[in-house]
Amino acid sequence: MHMNVAPHLLTEDRAEYERLLDEALRTAPERPELDGAGTRLTAAQLRAMALNATALITAAAASEYEHFTKVREEHRAASNRPRTPGPEESPGAVAVLTVLVPVLAGTAAAIFLLVGAVVHLLAPDAALGTTLLTAGLVFGALAAAGLLCAGAGLLLTALRNSPAESGAPDDELSRARADWREALLERGVIPFLQAALTATDPAPPPPAP
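Residues numbered from 1 in each chain as written. Predicted model: local features only at pLDDT ≥ 70, side-chain atom pairs only at ≥ 80, totals over all residues. Heavy atoms only, no water.

## Regarding the packing of aromatic side chains
Using the criterion set out here, one finds three aromatic pairs in the structure. Considering the side-chain rings of Tyr65 and Trp180, the 5.0 Å spacing of their centres and the 45 degrees angle between planes classify their relative orientation as tilted. Placement of Tyr65 in helix H4 (residues 62-80) and of Trp180 in helix H7 (residues 167-199) is noted, with a sequence separation of 115 residues between them. Here Tyr65 matches Trp180 in class, with each residue buried. Among the aromatic residues, those joined into a ring-pair cluster are Tyr65, Phe68 and Trp180. (Phe/Tyr/Trp six-rings, centres within 6.5 Å; stacked < 30°, edge-to-face > 60°. Helix = DSSP H or I, 4+ residues; strand = E, 2+ residues; numbered from the N terminus. Buried < 20%, exposed > 50% of the residue type's maximum accessible area, 1.4 Å probe, protein only.)

Take a look at the structure:
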């Protein structure tokens, strides 16, 4: 059956409207105002009527829907906006800290240790061999410290770029969606179903002569 879509109801929200309608029909026996659902009119009949009256029903929550769509568009725009790194998080500085310092220090340590070991073997009493070995150990410690600093920097960068800061917009979007759903249900769907059931009330018997 063709469904009339209200101009202000976006296509992406049609499924949400239908889910809300189905939920209202499922819980109809728990609502006294919907007495007669399933007897005077079946759930399928009520659903078809509500789908054909989408424009009328959704208009009852037009202000909440307008707010919801506005918040959603703002949230999407904020999510798609590229994040500009600050000076302290520039890619060049991170690259130097992560790659160059440990690599250069490690290379220097290997060279000094190797040359120092050779010199020490050839001339055990030469002070140069001891000096080179000591320098190799120092550069080795510097390489290890560089790796630790790089790991800490990468961890901080990952934490900074985590989506935790988007919690507030998500909460606002959830509240806006919930407000629209509640208004649509209480001011649109339920009153429409109640009116449809009332219109099918059996006529009272004529008074006895």
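## Digging into a nonpolar patch on the surface
A surface patch of nonpolar side chains, about 490 Å² in accessible area, is lined by Ile111, Leu114, Val115, Val118 and Leu122. If you trace the backbone, Val118 turns up in helix H5 (residues 91-122). What makes Val118 partly exposed here is its relative accessible area of 41%. (Patch = residues over 30% accessible without salt bridge, like charges linked within 9 Å, V, L, I, M, F, W, Y side chains within 5 Å. Areas by Shrake-Rupley, 256 points an atom, 1.4 Å probe, with all protein chains shown as cover. Salt bridge = Lys/Arg side-chain N within 4 Å of Asp/Glu carboxyl O.)

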